[in-house]
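Descriptive structure summary
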Amino acid sequence: MIVIPMKEGENIERALKKFKRKFEKTGVIKELRGRQVYKKPSVKRREEKLHAIYVQAMQQAED
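Nothing here was measured: the structure is a model prediction, and the numbers come from that model.

Next up on the list: the confidence of the model for the protein chain. Chain-level pLDDT for the protein chain is 93 on average; 100% of the residues reach the 70-or-more range. Taken element by element, the predicted model of the protein chain shows its lowest mean pLDDT in helix 2 (residues 28-35) (92) and its highest in helix 3 (residues 41-62) (96).

Structure representation (structure tokens):
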């Protein structure tokens, strides 16, 4: 459960923005979208491998 502590007199819009940010970081929506369609384990591994290669290339380009 996500808890957003609000300070006295804090704007509700700011609290809502904090909630949305925390909710996005939990990855709930991403997981739900992923569960809508079955993916074979081999396809998942292939995608993870491609993502790892991409991230590694981006880190090397940064250096």
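The tally for this structure, following the rule as stated, stands at three salt bridges. Measuring nitrogen to oxygen at the nearest pair gives 2.7 Å for the salt bridge that ties E31 to R35. Pair noted here: E31 and R35 are both in helix 2, with a separation of four residues, about one helical turn. Judged by its relative accessible area of 44%, E31 falls in the partly exposed class.

What counts, and where the lines are drawn
- Residues numbered from 1 in each chain as written.
- Predicted model: local features only at pLDDT ≥ 70, side-chain atom pairs only at ≥ 80, totals over all residues.
- Heavy atoms only, no water.
- pLDDT = per-residue confidence, 0-100.
- Helix = DSSP H or I, 4+ residues; strand = E, 2+ residues; numbered from the N terminus.
- Salt bridge = Lys/Arg side-chain N within 4 Å of Asp/Glu carboxyl O.
- Buried < 20%, exposed > 50% of the residue type's maximum accessible area, 1.4 Å probe, protein only.

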